[in-house]
Amino acid sequence: MAYQKTSVTELQPGSYVVEVVEQRGDITVKHAGWVRSTQAIAQLQAKGVLTVLVDPSRFLAGEQPAAPAEKTPADNAEPDAPPVRHLFADEWPRAEKALIQSQRVQQLVLEATRNQQPIDLSLVHEVSAGLSDSVSRNQDVLLCLTRIAEQSDSLLQHSVNCAVYIAAYAKFINLPSDRSKTLITAALLHDVGKALKPELIHQPDSAAIGTSLAALQRNKELAGQVSLWISQHCALLDGSGSPSIKGNQIAKGSQMLAIVNQYEKLTNPANSNQTPLAASRYLLSLTPLQLDTELLQLFIKCIGVYPPGTVVKLTTGKLALVLENNPKKPTQPKVKLFYHSVHQHHIAPKIMDLSRQQEEHIEGCVDLKKYGLDVRNYL
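Predicted, not measured: the structure shown is a model, and the values here were computed from it.

### Re helix α8 (residues 224-232)
Here α8 has its buried residues at V226, W229, I230, S231 and Q232. In the core, the buried residues of α8 are packed alongside α5 (177-189), α7 (209-216) and α9 (252-267).

### A word on the pairing of strand β6 (residues 318-324)
Most of β6 is tucked away: six of the seven residues are buried. In this sheet, β6 lies alongside strand β5 (residues 311-314) in antiparallel orientation, the contact comprising three bridges. Within β6, the residue paired with V312 across the bridge is A320. From the end of β5 to the start of β6, which pair antiparallel, there are three residues, and G317 there has a positive phi angle of about 95°. Across six bridges, the pairing between β6 and strand β7 (residues 334-340) is antiparallel. Within β7, the residue paired with L321 across the bridge is K336.

### A word on the confidence of the model for the chain
Per-chain confidence: the chain averages 88 in pLDDT, with 90% of residues scoring 70 or above. Taken element by element, the chain is modelled with least confidence in strand β3 (residues 33-34), mean pLDDT 72, and with most confidence in α9, mean pLDDT 97. Predicted confidence for residues 62-83 stays below pLDDT 50, and this span has 78 contacts to residues more than four positions away or in other chains.

### Considering the side chain of T287
Within the secondary structure layout, T287 lies in the loop between α10 (276-285) and α11 (293-303). A polar side-chain atom of T287 sits 2.6 Å from the main-chain carbonyl oxygen of L284. Not counting residues up to four positions away in its chain, the partners in contact with T287 are D292, T293 and L296.

### Regarding the packing of α10 against α11
The geometry of α10 relative to α11 is characterised by a closest axis approach of 10 Å and an angle of 170° between their N-to-C directions. On the basis of their axis angle, the class for α10 and α11 is roughly antiparallel. In contact with S280, L283 and L284 of α10, α11 contributes L296, Q297 and I300. Residues that form the contact of α10 with α11 fall into these classes: four nonpolar, two polar and no charged.

### Regarding helix α1 (residues 38-46)
For α1, the complete set of buried residues consists of T38, A40, I41 and L44. The buried residues of α1 occupy an angular sector of 160° when projected down its axis, which confines them to one face. Those residues of α1 that are buried lie in contact with β4 (49-54). G48 lies just past α1 and shows a positive phi near 100°.

### What to know about empty space enclosed by the protein
Scanning all chains against the criterion turns up two cavities of 30 Å³ or more. One number sums up the size of the largest cavity: a volume of about 50 Å³. In terms of lining residues, the largest cavity is bounded by A235, L236, L237, I250, Q255, A258, I259, Q290, L291 and D292. Here the residues of the lining of the largest cavity are counted per class, giving seven nonpolar, two polar and one charged. Lining of the second largest cavity is provided by Q103, A149, Q151, L156, Q157, V160 and N161. Counting residues per element, the lining of the second largest cavity draws most heavily on helix α4 (residues 154-172), which supplies four residues. A per-class count over the lining of the second largest cavity returns three nonpolar, four polar and no charged.

The rules behind the values
- Residues numbered from 1 in each chain as written.
- Predicted model: local features only at pLDDT ≥ 70, side-chain atom pairs only at ≥ 80, totals over all residues.
- Heavy atoms only, no water.
- Buried < 20%, exposed > 50% of the residue type's maximum accessible area, 1.4 Å probe, protein only.
- Helix = DSSP H or I, 4+ residues; strand = E, 2+ residues; numbered from the N terminus.
- Contact = heavy atoms within 4.5 Å.
- Pairing = 2+ DSSP bridges.
- pLDDT = per-residue confidence, 0-100.
- Polar contact = N/O pair within 3.5 Å; in protein donor to acceptor, adjacent residues only side chain to side chain.
- Axes fitted to C-alpha atoms, helices over the stretch in contact; angles between N-to-C directions.
- Parallel < 35°, antiparallel > 145°, perpendicular 65-115°, else oblique.
- Nonpolar A, V, L, I, M, F, W, Y, C, P; charged D, E, K, R; others polar.
- Arc of directions from axis to C-beta.
- 1 Å grid on protein atoms, 1.4 Å probe; cavity = no way out; pocket = protein on both sides within 12 Å on 5 of 7 lines; lining within 4 Å.
- Points joined across faces, edges and corners; volume = space filled by probe spheres on them.

Written as structure tokens, this is what we have:
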């Protein structure tokens, strides 16, 4: 049954909201969920929701009837946090499974490209859906796993990392599910040409676009948007990129992929020694001439100034692993303390929300290997 666009004033308890289509303000609203009460409807209406997309085939009978004066969507459409944000520990095994599956499928993608064979897009789409689902439950877990993962194949790691970043990014700005998954697919496939011609790995990204697109042409069922976004992901707003288009000529998906691609390359230890903070500052220096200011600020707000998985040093000398980003206070995430860098000994592990105290503040990022420690031992 086809989805129906419905005004929030006509929404009924028992309806299944696929996504928010229109809303006022900057509040991020979770897409999918059932409307279970008039109170939930009124709550979301108060937060600026105007119209939603409803799946008529998933109506729940027996829910509280709608009162004529109160109408708005879903218990599952809470601002800034899904109605059931899964605990870090609960999401961990599923996020880990999704990441491992992504790595395995990406290996098959690169091997197929090297052998000049079609890519099994059903596997790619399955991976895209898995990453999208994981970030919907708790994006910080997958971001943390991605940052601490070690992979000998730099091309594979870059593609998977970009896919995770853009999955979180797309959810954060409330893109429709189908568009999010297509963007994830584009991130996974944007550099496949480098598998066919390894010498392209050490050249500017734009040099591989033609080879990547040629390789993807073997897959007739590939969504046209994927090829479009890949073809433009090295374009810059002032026309100085490749291709030499500018401004609104560059698709939004391409602009998002460009931000994610550059950020991952800057922060990947295999390619750069830049901290996440330094990378964010550098990319901000490219706005508004080359990168879109609003899109970049949203991405940084999404993953944080200190993304999950980053090890930071506090002003007291304690080292901590960032576990959860705080979009409202990006410099004050939730962290796990585990080591004292001054006294050079472990301390009792402690979870601390830096936004809820005044004593501890982040001094900067650190490379834990300098202390002879492995971040994976402190998860």
